[in-house]
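Overview (structure and organization)
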Amino acid sequence: MADLLWPPRCPLCDRVVGFAETCPECGRDSVQLLRRQQPAVPGPGRAMDFLDGAFAAFWYEPPVQDAIVRMKQNGRSDIAAWCAGEMLLALERAGGPVVDLVVPVPAGRTQMRRRGRFDGPRYMAKILAGGLGAALCTDILYKAFDTPPQHLLSARDRRSNLLGAFAVCPRRAAQLAGKRVLLADDVFTTGATLNECAKMLRAAGAAECWGVCTALARTPRERDGGKADMGEAALPDGAGGKGAAEG
Ligand SMILES: [Zn+2]
């Protein structure tokens, strides 16, 4: 009955589909192509000090960018589920790490109100944990205070904006001792968000911290072929324009 009221839609182009995961067009061409273009994450201009490594399934560009924006703005769990499946595939292709815990990047209160209470990273983390045979941990890391949206800030300000913004729940910290943790988020831009989360998890005893995101946004340096100064440059169009990128 739910399927009749809310028919399944292709996660990439939003066309109504039957029982297939993607519509014939996207399934035949786009998804295969997008998978082949999977980015290698660590690169110049990204904050990775506290991360052992990070992975992304796609570049943050249309049609994936549009899908992520739809997921966030309309609370589309079907798109989040598809994203999580692609993240699992991406981890497998890249020879991703063995982890004990999957921790979603926590949303702040304002962010949750804006998202209409749908928490994409949390939804994805549950599927990732299931697929990786790891434990899902949603009560260890939390956002201690609301911060201005990352996509409104310069790359330099993105890091200072987040200092102290994430905290580990003292009563749960013991669960982290010696554990290998995978942080899950939707968009990876400068890495500031994942890196700040990893810093707190490590300080609380985690042995390894990895990151996985649905999509990697190009830094200004990557888009401009090295001409832009990361410290001052404006942010990727997609990151600012539609309010989708956070990291
Ligand atoms: Zn489609």
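Below or above, wherever it landed, is the structure these notes cover.

Summed over all chains, the structure comprises three aromatic pairs. Their ring planes at 25° and their centres at 6.2 Å tell us that Phe55 and Trp210 sit as a pair that is stacked. In this pair, Phe55 is assigned in strand β1 (residues 53–59) and Trp210 in strand β7 (residues 208–216), connecting sequence segments 155 residues apart. Trp210 shares its class with Phe55; the two are buried. Here the basic side chain of Arg218 rests over the ring of Trp59, its NZ or CZ set 3.9 Å away from the ring centre.

To continue, consider the sheet that holds β1. If you walk across this open sheet you meet the five strands as β1-β7-β6-β2-β3, and the pairing is parallel. Strands with a single pairing partner mark the edges of an open sheet, and in this sheet they are β1 and β3 (135–136). Bridge count between strand β2 (residues 101–104) and β3: two bridges; the pairing is parallel. Note on β3: the bridge partner recorded for Val102 is Leu136. Across the sheet, helix α4 (residues 77–93) lies against β1, β6 (180–188) and β7, angled at about 125° from β1, the strand it touches most. The sheet contacts of helix α8 (residues 192–203) involve β6 and β7, and relative to β6 the element is tilted by about 160°.

A few words now on the coordination of the zinc ion. The protein atoms that coordinate the zinc ion are Cys10 (SG), Cys13 (SG), Cys23 (SG) and Cys26 (SG), at distances of 2.2 to 2.3 Å. Here the zinc ion is ringed by four donor atoms whose angles at the metal span 105 to 115°, and the overall shape comes out tetrahedral. Sequence spacing of the donors to the zinc ion: C-x2-C-x9-C-x2-C. For Cys10, a relative accessible area of 0% corresponds to the buried category.

Let's shift gears to the packing of helix α7 (residues 155–162) against α8. For the pair α7 and α8, interaxial distance at closest approach is 9 Å and the crossing angle is 30°. With respect to their mutual orientation, α7 and α8 come out roughly parallel. Where α7 crosses over α8, the handedness of that crossing is right-handed. Residue-level inspection shows Arg158, Arg159 and Leu162 of α7 in contact with α8, the latter providing Ala192, Thr193, Asn195 and Glu196. Looking at the contact of α7 with α8, its residues break down into two nonpolar, two polar and three charged.

In this section: the packing of α4 against helix α6 (residues 120–132). Between two packed helices, what matters for the description is the angle formed by their axes and the separation of those axes. Interhelical geometry of α4 versus α6 gives an angle of 40° and a closest axis separation of 9 Å. With respect to α6, the axis of α4 lies oblique. You can see that α4 and α6 cross each other, and the crossing is right-handed. Across the interface between the two elements, Ser77, Ala80, Ala81, Cys83, Ala84, Met87, Leu88 and Leu91 from α4 touch Tyr123, Met124, Ile127, Leu128, Gly131 and Leu132 from α6. Tallied by class, residues from the contact of α4 with α6 come to twelve nonpolar, two polar and no charged.

Moving on: the environment of Phe58. Looking at where Phe58 falls in the secondary structure, it is placed in strand β1. Residues Phe58 and Arg36, spaced 22 residues apart in sequence, show a C-alpha to C-alpha distance of 9.0 Å. With residues up to four places along the chain from it excluded, the contact list for Phe58 reads Leu34, Arg35, Pro39, Val64, Trp82, Glu86, Thr214, Ala215 and Leu216.

Rules behind the numbers
- Residues numbered from 1 in each chain as written.
- Predicted model: local features only at pLDDT ≥ 70, side-chain atom pairs only at ≥ 80, totals over all residues.
- Heavy atoms only, no water.
- Phe/Tyr/Trp six-rings, centres within 6.5 Å; stacked < 30°, edge-to-face > 60°.
- Helix = DSSP H or I, 4+ residues; strand = E, 2+ residues; numbered from the N terminus.
- Buried < 20%, exposed > 50% of the residue type's maximum accessible area, 1.4 Å probe, protein only.
- Lys NZ or Arg CZ within 6 Å of the ring centre and 35° of its normal.
- Pairing = 2+ DSSP bridges.
- Contact = heavy atoms within 4.5 Å.
- Axes fitted to C-alpha atoms, helices over the stretch in contact; angles between N-to-C directions.
- Donors = N, O, S within 2.8 Å, 3.2 Å for Na, K, Ca; no water.
- Tetrahedral: all angles 85-135°; square planar, octahedral: opposite > 155°, others 65-115°.
- Parallel < 35°, antiparallel > 145°, perpendicular 65-115°, else oblique.
- Left-handed = near helix turned anticlockwise from the far one by under 90°.
- Nonpolar A, V, L, I, M, F, W, Y, C, P; charged D, E, K, R; others polar.

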